[in-house]
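Architecture at a glance
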Amino acid sequence: MHLAMITGDQFCADFGQVKRAYCFHEHKNNHDYLNKQFIVGILAMLQSFKLFNNCNLVFSRSCSGYVSRTRYLMRLKEDDEACREALKFANVLLYHKLAPLLQKTRSGVCKVASFKTADLKQILEKVGKDKHFINESFLLGCTDKSEPQFSLEVGEVERSALEQECRGTFVDLRKAFFMITPSESALAAKGQALLRWHQTNGFCSATGQPTTRNQSGSFRVCQSSGITYYPKMSPVVIVLVSDGSRCLLARQAMFPPGMYSALSGFCDMGESVEEALHREVAEEVGLEVENLQYSGSQHWPFPQSSFMLACHATVNPNKTQVNIDKAELEDARWFTLEEITTALQNPPRNPREQPPVFWVPPSYAIANQLIREWANQQQLLRSTHRLKFRMDQQQGFSH
Ligand SMILES: NC(=O)c1ccc[n+]([C@@H]2O[C@H](COP(=O)([O-])OP(=O)(O)OC[C@H]3O[C@@H](n4cnc5c(N)ncnc54)[C@H](O)[C@@H]3O)[C@@H](O)[C@H]2O)c1
């Protein structure tokens, strides 16, 4: 068994199939209906294969100095002096005990707050903190305009004074994911993960001596042993299992009420992604999966930076009886396309206050991406079946 990827060729083959079907029937007197079906099918296919996203990525990379930005960041990571210089003109994100600072725009939309270094120095002084405290920041990345971005933990400062001075609110990151865009979520998550890693790696595990950071925070070194420590992510597999017409979602007792997600679990030492996927599904719900198909990956900051590897998989439609491991899961159920569509269309604003009966993780979570892809694929299948049925009718082959 191996991990299959959706390749360009595969896409063209699928696209070609629908297109050939369309061309074959183009001469029939039914253009409007077929046009509509054809467009619905193609759009669903494009969405499900994220072709639009990839096009944007390729476009922006080739036209916006992606390479020069990347090399600039690489230099800042390694060159302490260059990094110190960059910090003088940077954008800094603030965290209070790992909760990012959010601000509301005039239109009422929430965004991650970021401050120019000079402005932040003034704010720090107003709340009684030395302006040089800003040097504790860690390099996060840079904007499209090559402006460096840093993150700074200000948990020692009184929270309400800082919120007032910054005109924002420190919000728990899990809650923030429901309030900000996916790209801002990714930035906020990276900032939190880096801060947490530095907070928990202050000592060498070989000598017990303190470790020191480089200026960017891309590593820590034990001066005694010379061992260099780099920020780590633990690999986690996450899989959306389908029986062809329904998908399997599960919930742990610790999830907010009503939330169901795809099956997931940490990879064991020495395991491949495929092995981890098969094992996790067998352990958690007692099923054997097949047809693994890679979907994407994501950094996830909880509990201590996971590297999520997301896949689709199927089970034999005659072997769908789930046998839940109650130590791991509170419930696991098969959901129809209609149930999933409703959940995707009605994301909760604040699930802890008014939990809907059934809802799925927020759009930033890769579980949400898997669920969306599955729903798009199901819609495409249904459109194709309707199209085929219609074409069969046209030809008098309908049974
Ligand atoms: N982004 C998403 O869409 C999404 C969706 C679901 C889960 N997740 C994340 O996936 C991760 C795994 O989820 P799970 O609870 O299903 O895993 P799991 O079923 O493997 O259970 C977690 C348990 O695994 C053990 N474990 C083994 N290696 C570990 C490690 N490196 N770090 C921490 N614990 C380890 C611990 O005993 C822990 O209690 C969590 O971080 C969770 O937040 C992300």
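Residues numbered from 1 in each chain as written. Predicted model: local features only at pLDDT ≥ 70, side-chain atom pairs only at ≥ 80, totals over all residues. Heavy atoms only, no water.

Considerations on the overall build of the protein
Counting its regular elements, the protein contains 12 helices and 16 strands. For the protein, with 399 residues in total, the buried portion stands at 45%. Within the protein, residue pairs in contact and separated by at least 24 positions form 66% of the contacts whose partners lie at least 6 positions apart. As displayed, the protein offers around 21,800 Å² of accessible surface, 53% of which is attributable to carbon and sulfur atoms. (Helix = DSSP H or I, 4+ residues; strand = E, 2+ residues; numbered from the N terminus. Buried < 20%, exposed > 50% of the residue type's maximum accessible area, 1.4 Å probe, protein only. Contact = heavy atoms within 4.5 Å. Areas by Shrake-Rupley, 256 points an atom, 1.4 Å probe, with all protein chains shown as cover.)

A few points about the domain arrangement of the protein
One can read the domain layout of the protein as domain 1 (85-181) and domain 2 (234-381). In this assembly, five residues from domain 1 lie in contact with 10 residues from domain 2. Interface of domain 1 and domain 2: buried area, both sides summed, is about 760 Å²; carbon and sulfur atoms make up 78% of it. On the domain 1 side of the contact with domain 2, R174, F177 and F178 bury the most area, a combined 81% of that side's loss. The interface formed by domain 1 and domain 2 includes zero salt bridges. The interface formed by domain 1 and domain 2 includes zero residue pairs in polar contact (both at pLDDT 80 or more). Of the residues in the side of domain 1 that touches domain 2, the class split is three nonpolar, no polar and two charged. (Domains from an automatic or database assignment. Buried area = accessible area lost by both parts, 1.4 Å probe. Salt bridge = Lys/Arg side-chain N within 4 Å of Asp/Glu carboxyl O. Polar contact = N/O pair within 3.5 Å; in protein donor to acceptor, adjacent residues only side chain to side chain. Nonpolar A, V, L, I, M, F, W, Y, C, P; charged D, E, K, R; others polar.)

Quick word on the packing of aromatic side chains
For the coordinates displayed, the defined rule picks out 10 aromatic pairs. Judged by centre distance (5.4 Å) and plane angle (45°), the rings of F177 and W300 are tilted. Residue F177 is found in the loop between α8 (173-176) and α9 (182-199), and its partner W300 is found in strand β14 (residues 290-300); the two are separated by 123 residues along the sequence. In this structure, F177 and W300 share a single accessibility class: buried. A ring pair is formed by F178 and W359, whose centres lie 5.8 Å apart and whose planes are at 65°; its orientation type is edge-to-face. Here the residue F178 occupies a position in the loop between α8 and α9, and W359 occupies one in the loop between α11 (337-345) and α12 (366-395), the gap between them amounting to 181 residues. Judged by relative accessible area, which is 26%, F178 ranks as partly exposed. Site record: aromatic cluster; members linked through ring pairs are F177, W300, F302 and Y364. We note K129 situated over the ring of F133; from NZ or CZ to the ring centre the distance is 4.4 Å. One residue, R251, lies across the ring of Y260, its end atom 6.0 Å from the ring centre. (Phe/Tyr/Trp six-rings, centres within 6.5 Å; stacked < 30°, edge-to-face > 60°. Lys NZ or Arg CZ within 6 Å of the ring centre and 35° of its normal.)

Thoughts on the packing of α11 against α12
The axes of two packed helices give the description: the angle between them and the distance between them. Contact pair α11 / α12: the axes reach a minimum separation of 10 Å and the direction vectors enclose 130°. Viewed along their axes, α11 and α12 adopt a mutual orientation that is oblique. Read as a crossing pair, α11 and α12 show a hand that is left-handed. Between α11, through L337, E338, I340, T341 and L344, and α12, the contact on the second element is made entirely by N368, I371, R372, W374, A375, Q378, Q379 and R382. Split into classes, the residues belonging to the contact of α11 with α12 amount to six nonpolar, four polar and three charged. (Axes fitted to C-alpha atoms, helices over the stretch in contact; angles between N-to-C directions. Parallel < 35°, antiparallel > 145°, perpendicular 65-115°, else oblique. Left-handed = near helix turned anticlockwise from the far one by under 90°.)

Quick look at the nonpolar core
Ranked by internal contacts, the top residues of the largest apolar core, which has 43 residues, are I238, L240, L249, I340 and F358. Counting residues per element, this core draws most heavily on α12, which supplies six residues. Counting contributing residues, this core receives three or more from each of domain 1 (85-181) and domain 2 (234-381). Those residues in contact with L240, other than ones at most four positions away along the chain, are C247, L248, L249, A262, C311, H312, A313, L370, I371 and W374. (Core = buried A, V, L, I, M, F, W, Y, C linked by side-chain atoms within 4.5 Å.)

Details of the sheet that holds strand β8 (residues 211-213)
Strand order across the open sheet formed by three strands is β8-β9-β10, with antiparallel pairing between neighbours. Each of the sheet's edge strands pairs with one partner strand only, and the pair in question is β8 and β10 (228-229). One ladder, built from three bridges, connects β8 with strand β9 (residues 220-222); its direction is antiparallel. Paired with R213 across the two strands is R220, which belongs to β9. (Pairing = 2+ DSSP bridges.)

Describing the site of the ligand
Inspection of the region around the ligand gives 20 residues, with S264, Q298, W300, F302 and A367 positioned closest. Side-chain polar atom of Q252 to an oxygen atom of the ligand: 3.1 Å apart, as the coordinates give it. At a separation of 3.2 Å, an oxygen atom of the ligand approaches a polar side-chain atom of E284. For the ligand, the protein covers 63% of the area, taking 850 Å² as the surface of the free molecule. For the shell around the ligand, the secondary-structure elements that each account for two or more residues are β11 (234-242), β13 (263-266), α10 (273-285), β14, β15 (306-314) and α12. Residues belonging to the shell around the ligand are distributed by class as follows: 10 nonpolar, seven polar and three charged. (Near = heavy atom within 4 Å.)

As for the pairing of β15
Across a regular strand the side chains alternate sides, sitting on one face of the sheet and then on the other. A large share of β15 lies buried, amounting to seven of its nine residues. Across eight bridges, β14 lies against β15 in antiparallel orientation. Bridge pairing links S297 to L309 in β15.

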